[in-house]
Amino acid sequence: MCIDIKSGKYSVSVGKILAVAISALTVEIPIGHSKAATQVDHQRETIGTREAKGRGANPHVAATPSGSGRTRKERHDQRPLLVGSAAESVTVSSTHRRVWDTTSRRTSARVIVVPGERLLQTGQVSVISALEQISPSISVPNASTGTNGFIRSLQMRGLSADQVLILVNGKRRHISGNFNVIDGPNTGTEPADISLIPMSAIDHIEIINDGATALYGQEAIAGAINIVLKDKRKGGGLHIQDSGYYAGDGVGINGYGDYALSLGKSGGYLDFAAQITHQQPTNRSGLTSQANPLGPDVNRALGIPRSMLETVSANGAIPLGDHAEFYTTDTYGHRDVSEWVLTRLRDDTNNVRALYPYGFTPIMTMSEDDFQVNGGVRGTHLLGWDWDA
């Protein structure tokens, strides 16, 4: 069950969306009577007539079931007879409608395919948060303080974040420039950051929930995720989303869109996508039990930080003959983050009492520029091999 509660500029998604596959089966069986079947019906009708005589009823009319409105003989006379054959003809028609568009492809490893439309239906502003709602094997622990709070890390099956292989169009995604050095769920890891890929750029995502070390090596101990970007040749869209918390803070604005165009007359394409997300901070620290001149909610480490994220991507290809093409896959992202960290009280060794006689609450900031460019020439039918250079 999925419940969406929307009030003004606030939107809240409650619960998980369950996958339901609904099938409808219609069976049409036109049945005719053979000679033997007619004799059996005649015997049953004779028995019914004798029973009716015993009860004093009309001997020519058998008992009529309640609500039928017709006698047994009338219903018998309306049954069609098969001429020259005692076989039955059965026609079966079936319709199948899949509510959850997640499918399993038949490969050597079980692959779950999640369409891009399904990601947008979650209402989340990042790919990593959308996958957390869709796949039960994926979790995104709440960020802790310090550098661990700048970037949310994805885990699979409860294993470490850097044991999940991230691919984009089948190519390995580079690791993040942020190292999780502070104690927390992913301490000591430096995983890839898929939040820097616009959600509007994604066509579908392929997920291997089981270990995939036999295919990709030790990088895929927990599993593998392949993000496939759109390859449309025309059209696009633009969407704006406003969200927040009923506590009154954490207001966020998210805008994303894409536009595609064709290149040449041989099937070339270039698909652009962009996303801009502005997130205000939240404060869930509650009241401190210690009286402090800095205020009762001085410790603001519990909550999401303020962030501004801009991402763009381009995915394209140009055919070079019948069996080869030039391709490129590029992404760029810029992020500014500022977060409150643990308060330094006045007697803390990290506090200078001459400057802060009552202590202070530091603000940690980060500015990040991230990009990846993949390109080359690939083709098929080279001495029976597919090649990519």
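> Would you explain the overall build of the protein in this entry?
Helix and strand counts for the protein come out as five helices and 19 strands. Expressed as a percentage of its 389 residues, the buried residues of the protein come to 37%. Partitioning the intrachain contacts of the protein with sequence separation of at least 6 by distance along the chain shows that 63% fall at a separation of at least 24. Taken as a whole, the protein presents about 22,700 Å² of accessible surface, with 56% of it coming from carbon and sulfur.

> Honestly, the side chain of D258 in this entry has me stumped. Any pointers?
Looking at where D258 falls in the secondary structure, it is placed in strand β14 (residues 252–263). Classification of D258 as buried rests on a relative accessible area of 11%. There is a polar contact of 3.0 Å between the side chain of D258 and the side chain of K232. Once residues within four sequence positions are removed from consideration, D258 is found in contact with S200, K230, K232, G235, G236, G237, D271, F272 and A273.

> How do you make sense of unusual backbone geometry when you look at a structure like this?
Apart from glycine, the bulk of residues carry a negative phi angle, and the bulk of peptide bonds sit in the trans form. With a phi angle near 55°, R157 is a residue other than glycine that sits in the positive phi range. Mapped onto the elements, R157 comes out in the loop between β8 (155–156) and β9 (164–168). Even without glycine at this site, H381 takes up a positive phi of about 60°. Topologically, H381 is positioned in strand β18 (residues 363–382).

> Even after reading the chapter, I still don't get helix α4 (residues 127–134), so can you show me in this structure?
Because an α-helix packs 3.6 residues into every turn, residues spaced three or four apart end up facing the same way. Most of α4 sits inside the fold, with seven of its eight residues counted as buried. Of all the residues in α4, the buried ones are V127, I128, S129, A130, L131, Q133 and I134.

> Which parts of the structure should I look at to understand the packing of aromatic side chains?
The geometry of an aromatic ring pair is captured by two quantities: the separation of the ring centres and the angle between the planes. Taken as a whole and judged by the stated rule, the model has one aromatic pair. Between R378 and the ring centre of Y327, over which it is positioned, the NZ or CZ distance is 4.2 Å.

> Teacher, can you tell me more about the nonpolar core here?
In globular proteins that are soluble, nonpolar side chains generally tend to be buried together. The biggest cluster of nonpolar side chains holds 27 residues, and the ones touching the most others in it are L119, L131, L154, I205, I207 and I225. Where this core is concerned, the elements lending two or more residues are β6 (111–115), α4, β9, β11 (202–208) and β12 (223–229). In terms of residue count, α4 provides more of this core than any other element does, five residues in total. Leaving out residues up to four positions away in the same chain, I205 has contacts with I112, V113, V114, L119, V127, L131, I225, N226 and I227. Formed by nine residues, the second largest nonpolar core is a distinct cluster that contains V113, L165, I208 and A212.

> What should I look at first to understand the pairing of β9 in this one?
Within a regular strand, the side chains alternate between the two sheet faces. Most of β9 sits out of view: five of its five residues are buried. Across the two faces of β9 the burial is the same, with V164, I166 and V168 and L165 and L167 all buried. When β9 meets β12, the two strands line up parallel, connected through five bridges. Residue pairing in the sheet places V164 in a bridge with G223 of β12. Counting the residues in the hairpin turn of β9 and strand β10 (residues 171–172) gives two residues, including N169, whose phi is positive at 55°.

> Whenever I open this one, the confidence of the model for the protein confuses me. Can you help?
Low-confidence regions, as indicated by low pLDDT, have predicted coordinates that should not be scrutinised in detail. Predicted confidence across the protein gives a mean pLDDT of 75, with 66% of residues reaching 70 or more. Counting contacts from residues 96–101, a segment whose pLDDT is below 50, to residues more than four positions away or on other chains yields 15 contacts.

> What exactly am I supposed to notice about the sheet that holds strand β13 (residues 235–243) here?
Through backbone hydrogen bonds, the strands of a sheet pair up, either in parallel or in antiparallel fashion. Here seven strands make up an open sheet; going across it, the order is β13-β14-β15-β16-β17-β18-β19 and the pairing antiparallel. Single-partner strands in this sheet number two, and they are β13 and β19 (385–388). For this sheet, the mean inter-axis angle between neighbouring strands, taken without regard to orientation, is 10°. Relative to β18, strand β17 (residues 324–340) is paired through 17 bridges, and the arrangement is antiparallel. Across the sheet, residue W340 finds its bridge partner in β18, namely I363.

> For this particular structure, what's the right way to read the pattern of salt bridges?
Pairs may arise between side chains of opposite charge once their charged atoms sit close together. Under the counting rule described, the total for this entry stands at nine salt bridges. Between D193 and R335 there is a salt bridge whose closest N-O contact spans 3.0 Å. Remark: R335 occurs in strand β17 and D193 occurs in the loop between β10 and β11; sequence separation between them is 142 residues. R378 serves as the salt-bridge partner of E325, at 2.8 Å between the closest nitrogen and oxygen. Linking E325 in strand β17 with R378 in strand β18, this pair joins segments that are 53 residues apart in sequence. For E325, a relative accessible area of 24% corresponds to the partly exposed category.

> Sorry if this is basic, but what is going on with the side chain of Q279 here?
Counting through the fold element by element, Q279 comes out in strand β15 (residues 268–279). Take Q279: its relative accessible area is 15%, and that puts it in the buried class. Among the polar contacts listed, one links the side chain of Q279 to the backbone oxygen of G250, at a separation of 2.9 Å. Excluding residues within four positions of it along the chain, Q279 makes contact with G250, V251, G252, I304, P305, R306 and S307.

> Which parts of the structure should I look at to understand the environment of G264?
Its place among the elements puts G264 in the loop between β14 and β15. Under the relative-accessibility criterion, G264 is labelled exposed at 65%.

> Can you walk me through the pairing of β11 in this structure?
The buried fraction of β11 amounts to six of the seven residues, a majority that puts the element mostly inside the structure. Sheet topology note: the β6/β11 ladder contains five bridges and is antiparallel. Across the sheet, residue I112 finds its bridge partner in β11, namely I207. Sheet topology places β11 next to β12; six bridges connect them, and they run antiparallel. Along β12, the bridge assignment pairs E206 with N226.

Criteria and thresholds
Residues numbered from 1 in each chain as written. Predicted model: local features only at pLDDT ≥ 70, side-chain atom pairs only at ≥ 80, totals over all residues. Heavy atoms only, no water. Helix = DSSP H or I, 4+ residues; strand = E, 2+ residues; numbered from the N terminus. Buried < 20%, exposed > 50% of the residue type's maximum accessible area, 1.4 Å probe, protein only. Contact = heavy atoms within 4.5 Å. Areas by Shrake-Rupley, 256 points an atom, 1.4 Å probe, with all protein chains shown as cover. Polar contact = N/O pair within 3.5 Å; in protein donor to acceptor, adjacent residues only side chain to side chain. Phe/Tyr/Trp six-rings, centres within 6.5 Å; stacked < 30°, edge-to-face > 60°. Lys NZ or Arg CZ within 6 Å of the ring centre and 35° of its normal. Core = buried A, V, L, I, M, F, W, Y, C linked by side-chain atoms within 4.5 Å. Pairing = 2+ DSSP bridges. pLDDT = per-residue confidence, 0-100. Axes fitted to C-alpha atoms, helices over the stretch in contact; angles between N-to-C directions. Salt bridge = Lys/Arg side-chain N within 4 Å of Asp/Glu carboxyl O.

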